[in-house]
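Tertiary structure, described
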Amino acid sequence: MTNRQVWIADFGSQYTQLITRKTRELGFSSEIYTIKEVKERLISGQKPNALVLSGGPQSVFLDNEDYSAFFQDEKLPVLGICYGMQLLGKYFGGTVYKGHTGEYGNALIQFVNGFKIKDCPLKMNVWMSHSDHVAKIPIDFYVIMESTNNFTGAIKHKTRPIVGLQFHPEVEHTVHGKEILQYFYKEIAGLKKDWTAKTMLKEARSEVAKIKDSYVLCAFSGGVDSLVAATLSKDILNQRLYCFFVDNGLLRPQDYKHIEVLKEETGLNIEIIDAKEDFYSACRGINDPELKRKAIGKTFIEVFEKKVHEFENNRAIKFEYLLQGTLYPDVIESITPHANGGKSVTIKSHHNVGGLPERMRLKLLEPLRWLFKDEVRKLGLELGLSHDWVYRHPFPGPGIGIRVLGELSLDAINKVQQSDQILFEELHNYNLYSSVWQAFTVFLPVKTVGVKGDSRAYESVICVRVVNSVDAMTAIWSDLPREFMIQISSRICNEVPGITRVVYDVTNKPPGTIEWE
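Residues numbered from 1 in each chain as written. Predicted model: local features only at pLDDT ≥ 70, side-chain atom pairs only at ≥ 80, totals over all residues. Heavy atoms only, no water.

1. Here we look at the packing of helix H5 (residues 197-209) against helix H11 (residues 373-382)
Two elements in contact, H5 and H11, have axes separated by 9 Å at closest approach and are oriented at 85°. Comparing their axes, H11 and H5 come out roughly perpendicular. In contact with Ala197, Lys198, Met200, Leu201 and Ala204 of H5, H11 contributes Glu375, Lys378, Leu379 and Glu382. Broken down by class, the residue content of the contact of H5 with H11 amounts to 5 nonpolar, no polar and 4 charged. (Axes fitted to C-alpha atoms, helices over the stretch in contact; angles between N-to-C directions. Helix = DSSP H or I, 4+ residues; strand = E, 2+ residues; numbered from the N terminus. Parallel < 35°, antiparallel > 145°, perpendicular 65-115°, else oblique. Contact = heavy atoms within 4.5 Å. Nonpolar A, V, L, I, M, F, W, Y, C, P; charged D, E, K, R; others polar.)

Have a look at this one:
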């Protein structure tokens with residue numbers, strides 16, 4: 001991968017991913033690295049144009065690692081966020097106090113000592129999440145922001161290009177966070193914009209160009225990720241690219257219609273594989289969501305492995321790569337705890353992350369692996385794909401398999417398919433589809449008492465989940481019109497057999513994830 005202007009040292013914060021997301025949104029290339037990777041790169045003589053130290057769950061009092069490599073180059077611009085600022089305070093001789101009250105959530109800060117940032121008011125709301133704090137400022141620093149409850153909000157080195165922020169500029173709750181990051185990247189680090197849709201497309205194509213003489217099998221879902229990956233690869237591989245769409249029996253009615261349209265209009269060579277029974281069999285008896293995800297992922301690999309043998313025998317060709325639309329959030333959420341010296345933890349496994357079994361000789365081709373969803377959409381438009389295709393709602397690889405809580409059954413799958421179709425239709429009827437990020441239904445393994453006609457009903461529950469997001473790293477539940485909610489509730493209870501109750505999920509991410517499993 002091309003070297004990025006901004007390196008982000010990950011100390012394990014739940015918000016680290018948002019730093020690189022916001023940095024790229026401002027037009028600067030960036031990448032997240034583990035602490036070990038950053039140290040090794042700096043010691044070997046490599047250097048970014050700017051280094052960001054993320055927040056983290058640890059206390060600096062419990063962290064005895066040597067970070068001197070981060071600060072040896074006096075010309076290297078460094079931004080410390082939350083935990084990163086506390087490290088600055090500790091390294092440069094200040095005093096960090098172990099907090100007892102702390103600051104969590106929204107806080108009001110103000111500029112002090114005559115300091116200002118363009119387009120930012122003198123007072124503004126920010127997002128705090130810390131207990132420890134820098135109580136005595138290092139001698140070579142001065143305070144540039146304070147919170148209204150007298151915590152130091154931000155510090156700046158007097159001569160070196162170093163800034164520390166006690167709050168999180170990367171989260172949406174910090175109203176002027178982008179302006180603050182822009183100040184550091186442009187005014188302190190002097191960076192020039194180098195991250196555009198054309199840049200992303202060039203890099204993605206360069207990944208495919210490395211294997212342009214190989215035969216490639218594409219795991220094609222029809223979503224924007226696999227569609228963009230296949231489209232940009234087709235321009236390079238031509239007839240060496242074959243797209244296989246796996247019907248795992250965990251799809252929605254809209255998915256089948258969408259695939260037929262893509263077969264007709266994209267020029268991609270798409271073949272549908274009927275593997276319903278394979279997936280039902282693999283998931284039988286499994287209740288744990290993580291095991292279910294892994295079973296589905298394993299079955300995907302087995303289905304493709306079988307298809308490879310059949311196809312190669314019939315066509316006398318040899319596949320070398322499996323093309324997947326893996327995205328950066330998938331990679332981040334699936335990172336093994338402390339892998340490569342990291343401090344983050346696994347959120348959940350993604351079926352398309354983690355490599356292929358040794359027996360399967362295919363190598364992975366993942367040209368979108370370093371991109372976020374909105375970046376992939378920009379690529380899709382750059383490639384000339386239909387806006388409706390590019391902005392189609394995300395659909396997880398395991399499909400309805402993770403929208404039926406607990407063990408899968410055909411009856412529960414049918415209930416999700418039918419209720420999801422009603423939600424899909426009504427979002428279009430009310431012109432709401434394009435105004436939300438993702439909408440779906442979930443089957444809950446509980447029964448409640450209801451009344452249908454004049455009789456008592458003891459039937460199942462469907463949960464409706466609709467969220468807004470930019471990159472799937474964070475999400476806010478969508479507050480939809482009352483008339484719309486009444487309509488979907490009424491239709492689901494009346495039209496989906498065995499459903500007596502509909503509930504609505506009002507959980508943001510974090511603390512929840514977008515999907516229930």
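Read on for the rest.
2. What about the packing of aromatic side chains?
Applying the stated criterion across every chain, the model contains 23 aromatic pairs. Where Phe28 meets Tyr185, the ring centres are 5.4 Å apart and the plane angle is 55°; that geometry is what we call tilted. Pair noted here: Phe28 is in the loop between helix H1 (16-25) and strand S2 (30-34) and Tyr185 is in helix H4 (residues 177-188), with a separation of 157 residues, a long-range link. For the pair Phe28 and Tyr185, one class covers both residues: buried. Centre to centre, the rings of Phe244 and Phe311 are 5.4 Å apart; their planes meet at 70°, and the pair counts as edge-to-face. On the criterion of sequence distance, the pair formed by Phe244 in strand S13 (residues 241-247) and Phe311 in helix H9 (residues 289-315) is long-range, its members being 67 residues apart. Accessibility classification places Phe244 together with Phe311 in one group, the buried group. The structure contains a cluster of three or more aromatic residues connected by ring pairs, namely Phe11, Tyr67, Phe70, Phe71, Tyr83, Tyr91, Phe92 and Phe141. Of note, Lys39 hangs over the ring of Tyr67, and the distance from its end group to the ring centre comes to 5.1 Å. Here Lys307 stacks its cationic end above the ring of Phe244, 5.4 Å away from the centre of that ring. (Phe/Tyr/Trp six-rings, centres within 6.5 Å; stacked < 30°, edge-to-face > 60°. Buried < 20%, exposed > 50% of the residue type's maximum accessible area, 1.4 Å probe, protein only. Lys NZ or Arg CZ within 6 Å of the ring centre and 35° of its normal.)

3. Things to note about helix H6 (residues 224-237)
Counted at 1.5 Å a residue, the expected span for H6 with its 14 residues is 20 Å, and the 19 Å between its end C-alpha atoms agrees. Of all 14 residues that make up H6, 11 are buried, and the element is covered over most of its length. Residues of H6 that are buried include every one of Val224, Asp225, Ser226, Leu227, Val228, Ala229, Ala230, Thr231, Leu232, Ser233 and Leu237, and no others. Just beyond H6, the residue with positive phi is Asn238, at close to 55°. (Expected span 1.5 Å × (residues − 1).)

4. Quick word on the pattern of salt bridges
Scanning the entire structure with this criterion turns up 29 salt bridges. With its nearest N and O atoms 3.3 Å apart, the salt bridge here joins Lys276 to Asp274. The class of Lys276 is partly exposed, set by a relative accessible area of 27%. Between Arg491 and Glu495 there is a salt bridge, with its nearest N and O atoms 2.8 Å apart. Separated by 4 residues within a single helix, Arg491 and Glu495 lie in helix H14 (residues 482-495), roughly one turn from each other. The class of Glu495 is partly exposed, set by a relative accessible area of 41%. (Salt bridge = Lys/Arg side-chain N within 4 Å of Asp/Glu carboxyl O.)

5. Re the layout of surface pockets
Taken as a whole, the second largest pocket spans an internal volume of roughly 510 Å³. As for the second largest pocket, its lining consists of 21 residues, and the residues nearest its centre are Asp388, Tyr391, Arg392, His393 and Tyr433. No other element matches the 4 residues that helix H7 (residues 253-265) contributes to the lining of the second largest pocket. Of the residues in the lining of the second largest pocket, the class split is 7 nonpolar, 10 polar and 4 charged. (1 Å grid on protein atoms, 1.4 Å probe; cavity = no way out; pocket = protein on both sides within 12 Å on 5 of 7 lines; lining within 4 Å. Points joined across faces, edges and corners; volume = space filled by probe spheres on them.)

6. Here's the deal with the side chain of Ser29
By the secondary structure assignment, Ser29 is in the loop between H1 and S2. A relative accessible area of 3% places Ser29 in the buried class. Only 3.1 Å separates the side chain of Ser29 from the backbone nitrogen of Gln5, close enough to count as a polar contact. (Polar contact = N/O pair within 3.5 Å; in protein donor to acceptor, adjacent residues only side chain to side chain.)

7. A few points about the pairing of S2
By the criterion of burial, S2 is predominantly enclosed, with 5 of the 5 residues buried. Side chains of S2 alternate between two faces, with Ser30, Ile32 and Thr34 and Glu31 and Tyr33 buried alike. Traced from strand S1 (residues 6-10) through H1 to S2, the parallel crossover comes out right-handed. (Right-handed = clockwise from strand over helix to strand, strands pointing away.)

8. Some words on the nonpolar core
Counting 43 residues, the largest nonpolar core has Leu217, Val246, Phe319 and Val404 as the members making the most contacts within it. Setting aside residues up to four positions removed in sequence, Val404 forms contacts with Lys292, Ala412, Ile413, Val416, Phe443 and Glu517. Residues Val6, Ala107, Phe184 and Phe372 belong to the second largest nonpolar core, which totals 42 residues. (Core = buried A, V, L, I, M, F, W, Y, C linked by side-chain atoms within 4.5 Å.)

9. Focus: unusual backbone geometry
Following Lys509, the chain continues into Pro510 via a peptide bond in cis, with omega recorded as -15°. Note on placement: Pro510 falls in the segment after strand S20 (499-504). Here the bond from Pro510 into Pro511 is cis, since omega is 15°, no more than 30 degrees from zero.

10. As for the environment of Val175
Tracing the chain through its elements places Val175 in the loop between strand S11 (162-165) and H4. Along the backbone, Val175 and Met124 are 51 residues apart, and their C-alpha atoms lie at a distance of 7.2 Å.

11. Here's the deal with the sheet that holds strand S15 (residues 319-323)
The pairing of strands in a sheet comes from backbone hydrogen bonds and takes either a parallel or an antiparallel form. With parallel pairing, the 5 strands of this open sheet are ordered in space as S14-S13-S12-S15-S16. Looking at the sheet topology across the chains shown, the edges are occupied by strand S14 (270-274) and strand S16 (363-365). Ignoring strand direction, the axes of neighbouring strands in this sheet form an average angle of 35°. Bridge count between strand S12 (residues 215-219) and S13: 4 bridges; the pairing is parallel. Each residue of the ladder has a partner; that of Val216, found in S13, is Leu241. On the sheet, H7 packs against S13 and S14 and is oriented at approximately 150° with respect to S14. (Pairing = 2+ DSSP bridges.)

12. Remarks on H1
For H1, the buried fraction is high: 9 of the 10 residues fall into the buried class. Buried within H1 we find Thr16, Gln17, Leu18, Ile19, Thr20, Arg21, Lys22, Thr23 and Arg24. A positive backbone phi angle near 100° is found at Gly27, which sits one or two residues after H1.

13. Here we look at empty space enclosed by the protein
Remark: the empty space left among the atoms is shown by a probe the size of a water molecule rolled over them. The tally for this structure, following the rule as stated, stands at 2 cavities of 30 Å³ or more. Counted as a void, the second largest cavity has a volume near 60 Å³. Arg252, Gln254, His393, Asp420, Leu423, Phe424, Leu427, Tyr433 and Ala439 are the residues that line the second largest cavity.

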